[in-house]
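Read off the chains here:
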Amino acid sequence: MYWLTAIVRPFKLNDIYEQLLSEGIGGMTITEVKGFGNQKSHAEVYRGNTYTSRFVPKVKIEMAVKDDDLDRVIQSISLASKTGSPGDGKIFAWRLEHAIRIRTAESDGLAI
Ligand SMILES: Nc1ncnc2c1ncn2[C@@H]1O[C@H](COP(=O)(O)OP(=O)(O)OP(=O)(O)O)[C@@H](O)[C@H]1O
Ligand SMILES: [Mg+2]
């Protein structure tokens, strides 16, 4: 299993959700965040405001993903998130040790 974090443009969230759902992948946690990337040479536009060095509003998606689904999830999020302009976001993933569904006590692969 992997724990995956994607930091994306807020207005792309619904496209990402629909894309993942169409792939049969469900379960995610969303947080509204702010951040900055490598924008020394690029300004980033959000809702008509141009950001050069200030924190830009983003959505952070967190998901527990089965090994076999990782590539597909990364592709789906990338496809749905991409505009081609600076600020499209990033995806990070690292190994996840355990998962438990509290209701049934199922664990790991059965719990996600
Ligand atoms: N190294 C990082 N560590 C943690 N969060 C990051 C990192 N880089 C980017 N982020 C987060 O992702 C958001 C989007 O980053 P962004 O897409 O602007 O990256 P970038 O490297 O500047 O790429 P681009 O040149 O396409 O804009 C940032 O606002 C920040 O919240
Ligand atoms: Mg950037």
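Figured I'd write up the structure that's included with this text.

Conventions adopted
- Residues numbered from 1 in each chain as written.
- Chains lettered and ligands numbered in written order.
- Predicted model: local features only at pLDDT ≥ 70, side-chain atom pairs only at ≥ 80, totals over all residues.
- Heavy atoms only, no water.
- Helix = DSSP H or I, 4+ residues; strand = E, 2+ residues; numbered from the N terminus.
- Buried < 20%, exposed > 50% of the residue type's maximum accessible area, 1.4 Å probe, protein only.
- Phe/Tyr/Trp six-rings, centres within 6.5 Å; stacked < 30°, edge-to-face > 60°.
- Pairing = 2+ DSSP bridges.
- Axes fitted to C-alpha atoms, helices over the stretch in contact; angles between N-to-C directions.
- Contact = heavy atoms within 4.5 Å.
- Salt bridge = Lys/Arg side-chain N within 4 Å of Asp/Glu carboxyl O.

This part covers the overall build of the chain. On a plain count of helices and strands, the chain comes out with two helices and six strands. Each helix and strand of the chain, ordered N terminal to C terminal, gives the series β-α-β-β-β-β-α-β. Along the longest, intermediate and shortest principal axes, the C-alpha atoms of the chain span 50 × 25 × 20 Å. Of all 112 residues assigned to the chain, the portion counted as buried reaches 30%.

Tallying each qualifying case throughout the model produces one aromatic pair. For the ring pair Phe36 and Phe55, a centre distance of 5.6 Å and an interplane angle of 55° mean the geometry is tilted. Of this pair, Phe36 sits in the loop between β2 (29-35) and β3 (44-46) while Phe55 sits in the loop between β4 (49-51) and β5 (56-65), placing them 19 residues apart in sequence. Each member of the pair, Phe36 together with Phe55, is exposed.

This paragraph deals with the sheet that holds β5. On the basis of which strands lie adjacent, the open sheet formed by four strands has the order β2-β5-β1-β6 and antiparallel pairing. Each edge of the open sheet is held by one strand with a lone partner, namely β2 and β6 (89-95). Averaged over all pairs of adjacent strands, the angle between their axes in this sheet comes to 20°, without regard to strand direction. In this structure, strand β1 (residues 2-8) lies alongside β6, joined through seven bridges in antiparallel fashion. Of the residues in β6, the one forming a bridge with Ile7 is Lys90. Its contacts with the sheet put helix α1 (residues 13-22) on β1, β2 and β5, and the angle it makes with β5 is roughly 15°. Taken strand by strand, helix α2 (residues 70-81) contacts β1, β5 and β6, and its axis lies near 5° from that of β1.

To continue, consider the pattern of salt bridges. Summed over all chains, the structure comprises seven salt bridges. With its nearest N and O atoms 4.0 Å apart, the salt bridge here joins Lys60 to Glu62. The exposure class of Glu62 is buried, given its relative accessible area of 19%. Asp67 serves as the salt-bridge partner of Arg95, at 3.8 Å between the closest nitrogen and oxygen. With a gap of 28 residues between them, Arg95 in strand β6 and Asp67 in the loop between β5 and α2 connect regions that are remote in the sequence. In this structure Arg95 comes out as exposed when scored by relative accessible area, which is 52%.

Take it as geometry only, folks, not as evidence of what the structure does.
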